[in-house]
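Residues per chain, in single letters:
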Amino acid sequence: MTLSSLAITVAATTSTTLKKQSRNSKFSTLALFFVATSASSAARAFSSSTPTFLPRHHHQSLPRSGASTLNNSVIYSTRGGSLASIVGKKISLSRRFSSTQIEQEVVSEMDEVKAAASKISAADKLALMREKMEENGVDVYIIPSDDPHLSEYVPAAYMRRGYLTDFHGSAGTALVTKDAAYLWTDSRYFNEASLRLDAGHWTLMKQGQPKVPTIPKFLADLATSHYTTNSKPLKVGMDAYVHAASFAKELNEVFADAAKDMEGDVPPTIAAIDTLDGKQNVVDSIWEGRPDLPKNPFRVHPMKYAGMTVQDKVTKIRSEMTEKKATMTVFSALDDIAYLFNVRCMGDVETCPIGIAYATISKDEVALYCDPEKVAPADVSEHLKEAGVTVKSYGDIVSDIESHLSAGKKNKVWLDNGRSNYALSRVIPEASLIDAQNPVTAMKGCKNEAEMEGMRQAHIVDGAAMANFMAWLENAIVVEGRSVSEVEIDEVLTGFRAKQPGFKEVSFPTIAGVGANGAIVHYRAAEGSDLLKYLDRTQPILIDSGGQYEYGTTDVTRTWHFAEKPDDEFREVYTRVLKGNIGVDSMIFPENTPGFVLDVFARKALWEIGKDYGHGTGHGVGAALNVHEGPHSISPRWGNKEVLKAGMVTSNEPGYYEDGNFGIRIENLLEIVEISSSDDATNGEANGEEPANKKQKVAAEGKKFLKFGKLTLIPIQKNLIKVEIMTEDELNWLDSYHQEVLQKVKPLLEEGTPAMEWLVKSCEPIKRD
C-alpha cells in the first residue's frame, strides 16, 4: 500500500476519527498504529508508492532447511527469487525473504526438496526403497505427508513423500510395495499429481472417487491375497512418529475384519504393522543431503493480540481435565502449542508461525518439550518462567508420558488420537487413555475480542496492499500492454504486503494461476517450469494469497480478467460462483448448526446448470496462526459435525474449475457473530450486507441465532458479473460490501494515487441495466 505521506497525514489529521471508529469495535488500538507512529518513522517505513523489495534475509546461521534465525526479518513469499520490471526499474526480488539487512539469494525449503527429488529418477529411488525395505523385512512401506505433529505444512526434513514422488502438494500418502508404487491424494490435487508423477512407476489413486479404495481397504485386500499365496502375514512398514494413532488403529481393525473371512476356526494374522523401532526411516536412508531439523527461536505473542494469559489458559484446561478425570493432557499439534503458550515462531514451517515442540499439562506441572535454542531469547525465557512453564528436551516426551502413568495406577492421559502420532499413543494403555478432542482446540477456534480485533485490522491493511497491487497489475496489462509472468505477479503482490505494519510472511504459498493453471486448485508457479504462464488480456487469472501479520492472518481469492469483452460462458459461471458466495455470507442460522448444513447454499447456483466443485467451501483460520484451522468446516462431507459458534472464523470460497481452460474462485474470510431475537436479522450496513430497508426479525424460540460478519475487504470485479441472473438482494449485497471496503481501506491510501483511483472505481455501485 501507499503510505509515504499518508502515514504523516493520518497522524496529523485523523486521530480523532480513528478514535471514534475504535469505539465502534471495528478498530482496536492496533488501528491507531498509524497515529502512534511518528511522522519521521512513518516516512521512513513507507517511503514509496511502489513496492520496495527489501534486501533479502541475512542467513549466515541458517540450518540446512534454509530457515531464518533473525527475529526482526520479514518473510514474504515461499519460492526463489527472480527479476521483475516494476515501474520501469529492474529490482532483484525474493519471493520468500525480505529484511533491512543485506541482500542475499535464499532458496526456499520447498525448492531444496524439489531440486533433490529431481536429481534421481523415480525408477532409481524406488529401486533403492525396495532394497532398504527388503533389508528391514517389510513388504509394504507407507510414506505420509506428515511430520511428528501431523502438520499440514511441514519442515523440509519431513517432506519425504515429496522427495520420493516429486509431487509436492500438501496432502497425499505414498505406498510402495515390492512391485508397485501408489499415491493417494484428494480432488484438490488430481490435476497437479497427474502432471508431477512418473506414470511409468507411480499409480495415482484419486481418493473419494468410485472404485478407488481407501489405504486401509487396499492394504486389507493386499494382505488377504498375500496370506492366501504365501501363508504368512503381510509386513506393513511405517514410522510411528509420522502417522496418526487413529490410522494405526484403523489398520489393525481392517486387518482383523479381513481375517475373519479366511478359512479356519481361528482367524489368522494376515498382516502386521512394523514400526521399525530403532531403525532409520526408510526414505531418510536413501535421501542424500536431507535437510536438518530447524531450531528457530520462539517469539512472545503480545497480550494485546493474544487476549488471554498462559496462566488463565492453563487454569481453564485443568478445570476441563478435572471433569474428564485426566491427570495429564498431551498436546502435539504445533498451533495448539503456540496458542497455549502465547508464542510464535518464524522459519520452522514455511508460512506458519509455529515452532517444533510438544507440551503436557498435569496438576502440578506445565511442560514445553523443544530444542533449547527455541527458548534462548531472554524475553521468551522470562515469559515462560513467569507462566510457570518447565522447558524439557524435545525427545523426552514419550518417556515422560510413561513415567506419569507408572507413577499412579489411576493416572489417565488425555490425548486426541486423531491429532497425535502413533509413537505417543501406543505407550498409553487403553484403560488409561482419554481419546477426545483436546481442550485447546475449542479455545483456539473461538477467538476472543483481542484476537478478533487483530484479525479485522489485518484484513484492513491487506485490503490496502491488494489495492496497490491491483492498480499496478491493471496498469501493466491494460495500459502498458505487457504480458506478466505468474512468478512476477506473486513477487509484486507479496512485496506490497511486505510494506504493511506487522507483516511477517505469507500465510501459504501464493497461488497465481493464469488460464488453465487456475484449474489446478493448489498450483504453485515456478521459474523454468513447463507450466509457467503469462497473464495478458486474453486469459483470466486466479489469485489465492494471504499474509501472516503479527496480529492476524488473511486468506483471499479473487479471479480477474482484463479482456475488453470476457467470454459469456465464463461470466455465467463467474456470476454463479459469486451467487454461491453471497448465499453463504447472507445466512442466518441457529446455534449448534454444523458447517455442512450451509454448504448447499454455496453450490445451489452452480447445481442449477449442472456444475459443481470438488473441494470444501470453508475452513477455519487461526488468529496470527495457521491459515487452515479446525475444528469446524463448511463442506459437503458429513463427517465433520463440529457446530459453528460465535467467535469462529471461516473461509467462504465456492469455485468452478474446467481442466485445461480456467479456474474461478471467490473467497472471503468471515467471522461468526451472535444476534438476539430483537436484532435486525441482516448483518447490517456496517457489515456489508443488505441495507437497512430489508428488515427481518429472528424468531428466537429459546435459541441463539448466528450470522456472518465480513473480514476480507477486497473488491469483486463487476464487469464479469451477468446482472440479469443476479437478484435484487444480491446486487444490494454487492454494493453494500463495496461501500464497506471503501470506507475501511480508503483511509490507508493516498489521494490521487493509482491505488486510490482503482479502489474508488472498483467500489462504485454496479450498473443494473
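All of these numbers come straight from a predicted model, not from anything done at the bench.

## Some remarks on the pattern of salt bridges
- Tallying each qualifying case throughout the model produces 42 salt bridges.
- Between E564 and R537 there is a salt bridge whose closest N-O contact spans 3.9 Å. Here E564 is found in the loop between β24 (556–560) and α21 (568–585), whereas its partner R537 is found in the loop between β20 (534–535) and β21 (541–545), with 27 residues between them in sequence.
- Judged by relative accessible area, which is 30%, R537 ranks as partly exposed.
- Among the charged side chains, a salt-bridge network with shared partners connects D568, R571, E572, R576, K604, E608, K722 and E724.

## Looking at the sheet that holds strand β6 (residues 203–206)
- With mixed pairing, the six strands of this open sheet are ordered in space as β6-β5-β4-β3-β7-β8. Two strands bound the open sheet, and with one partner strand each, they are β6 and β8 (271–274). Neighbour-to-neighbour, the strand axes of this sheet turn through a mean angle of 25 degrees, independent of strand direction.
- Two elements, strand β4 (residues 173–176) and strand β5 (residues 181–185), share four bridges in a ladder whose sense is antiparallel. By the bridge assignment, V176 is partnered in β5 with A181.

## Focus: the packing of helix α23 (residues 728–745) against helix α24 (residues 754–762)
- Packing of α23 against α24 leaves a shortest axis separation of 9 Å and a crossing angle of 155 degrees. Judged on the interaxial angle alone, α24 and α23 are roughly antiparallel. Considering only the axes of α23 and α24, their crossing is left-handed. On α24, the residues touching H738, V741, L742 and V745 of α23 are L759, V760 and S762.
- Residues belonging to the contact of α23 with α24 are distributed by class as follows: five nonpolar, two polar and no charged.

## Some points on the packing of aromatic side chains
- This structure, assessed with the given rule, holds 17 aromatic pairs.
- Each ring, one from Y549 and one from Y551, has its centre 5.8 Å from the other, and the planes form 20 degrees; the classification is stacked.
- Residue Y549 is classed as buried on the basis of its relative accessible area, which comes to 1%.
- Consider the rings of W560 and W758, whose centres lie 6.1 Å apart with planes at 65 degrees: the pair is edge-to-face. Residue W560 is located in strand β24, and its partner W758 is located in helix α24; the two are separated by 198 residues in the primary sequence. For the residue pair W560 and W758, the accessibility class agrees, reading buried in each case.
- Taken together, the ring pairs in this structure connect Y305, F503, Y549 and Y551 into an aromatic cluster.

## Observations regarding the sheet that holds strand β12 (residues 358–362)
- The sheet built from six strands is open, its strands ordered β14-β13-β12-β10-β15-β16 with mixed pairing. Two strands in the sheet have a free side with no partner beyond their single neighbour: β14 (389–392) and β16 (433–434).
- Bridge count for strand β15 (residues 413–414) against β16 is two bridges, and the pairing is parallel. Residue pairing in the sheet places V413 in a bridge with L433 of β16.
- Its contacts with the sheet put helix α14 (residues 334–341) on β10 (328–331), β12, β13 (366–369) and β14, and the angle it makes with β12 is roughly 55 degrees.

## A word on the pairing of strand β29 (residues 655–658)
- In this sheet, strand β30 (residues 662–665) lies alongside β29 in antiparallel orientation, the contact comprising four bridges. Each bridged residue has a counterpart across the sheet, and for Y657 the counterpart in β30 is G663.

## Some details on α23
- Helix length check: α23 (18 residues) gives 26 Å between terminal C-alpha atoms against 26 Å at 1.5 Å per residue, within 8%.
- Here α23 lies mainly inside the structure; 13 of its 18 residues are buried.

## Focus: the nonpolar core
- Within the largest apolar cluster, 88 residues are counted, with the highest numbers of intra-cluster contacts made by F469, L473 and I489.
- A total of 14 residues in this core trace back to one element, the largest contributor, which is helix α19 (residues 449–479).
- What F469 contacts, discounting residues up to four positions off in sequence, is I489, V492, L493, F496 and I543.
- Residues L334, F341, M443 and V627 belong to the second largest nonpolar core, which totals 39 residues.

## Observations concerning the side chain of D336
- Its location among the elements puts D336 in helix α14.
- Residue D336 is classed as buried on the basis of its relative accessible area of 0%.
- Ignoring anything within four residues of it in the chain, the contact list for D336 reads R419, N438, V440, T441 and K444.

## Topic: the side chain of D462
- Mapped onto the fold, D462 is located in helix α19.
- The class for D462 is buried, based on a relative accessible area of 2%.
- A distance of 2.6 Å separates polar atoms of two side chains, one belonging to D462 and the other to Y549.
- For D462, the residues in contact, after removing those within four places along its chain, are R497, G547, Y549, T554 and V556.

## Describing the pairing of β30
- Side-chain alternation along β30 places F662 and I664 on one buried face and G663 and R665 on a second face that is also buried.
- Taken together, β29 and the strand that follows it, β30, pair antiparallel across an intervening segment of three residues, in which G660 is found at a positive phi of about 80 degrees.

## A few points about helix α13 (residues 310–324)
- Taking 1.5 Å as the rise per residue, α13 with 15 residues should run 21 Å; its terminal C-alpha atoms sit 21 Å apart, in good agreement.
- Of all the positions in α13, only V310, K313, V314, I317 and M321 are classed as buried. Projected down its long axis, α13 shows its buried positions confined to an angular sector of 95 degrees, all on one face. In α13, the exposed positions angled more than 90 degrees off the buried face are occupied by T315, T322 and E323.
- The first or second residue beyond α13 is K325, which carries a positive phi of 60 degrees.

## Here's the deal with the confidence of the model for the chain
- Per-residue confidence for the chain gives a mean pLDDT of 85; residues scoring 70 or more make up 82%.
- Throughout residues 1–107 the model reports pLDDT below 50, and contacts reaching past four residues in sequence, or to other chains, amount to 276 contacts.

## Re the environment of T593
- Within the fold, T593 resides in the loop between β25 (589–590) and α22 (599–607).
- For the pair formed by T593 and L706, sequence separation is 113 residues and the distance between their alpha carbons is 9.4 Å.

## Here we look at unusual backbone geometry
- Omega for the peptide link from G630 to P631 comes to 5 degrees, which places this bond in the cis form.
- Looking at the element boundaries, P631 is found in strand β27 (residues 629–634).
- Positive phi outside glycine occurs at K325, with the angle close to 60 degrees.
- Phi at T351 takes a positive value of approximately 75 degrees, unusual for a residue other than glycine.
- In this structure, T351 sits in the loop between β11 (343–345) and β12.
- The exposure class assigned to T351 is buried, which follows from its relative accessible area of 2%.

How each quantity is defined
Residues numbered from 1 in each chain as written. Predicted model: local features only at pLDDT ≥ 70, side-chain atom pairs only at ≥ 80, totals over all residues. Heavy atoms only, no water. Salt bridge = Lys/Arg side-chain N within 4 Å of Asp/Glu carboxyl O. Helix = DSSP H or I, 4+ residues; strand = E, 2+ residues; numbered from the N terminus. Buried < 20%, exposed > 50% of the residue type's maximum accessible area, 1.4 Å probe, protein only. Pairing = 2+ DSSP bridges. Axes fitted to C-alpha atoms, helices over the stretch in contact; angles between N-to-C directions. Parallel < 35°, antiparallel > 145°, perpendicular 65-115°, else oblique. Left-handed = near helix turned anticlockwise from the far one by under 90°. Contact = heavy atoms within 4.5 Å. Nonpolar A, V, L, I, M, F, W, Y, C, P; charged D, E, K, R; others polar. Phe/Tyr/Trp six-rings, centres within 6.5 Å; stacked < 30°, edge-to-face > 60°. Expected span 1.5 Å × (residues − 1). Core = buried A, V, L, I, M, F, W, Y, C linked by side-chain atoms within 4.5 Å. Polar contact = N/O pair within 3.5 Å; in protein donor to acceptor, adjacent residues only side chain to side chain. Arc of directions from axis to C-beta. pLDDT = per-residue confidence, 0-100.

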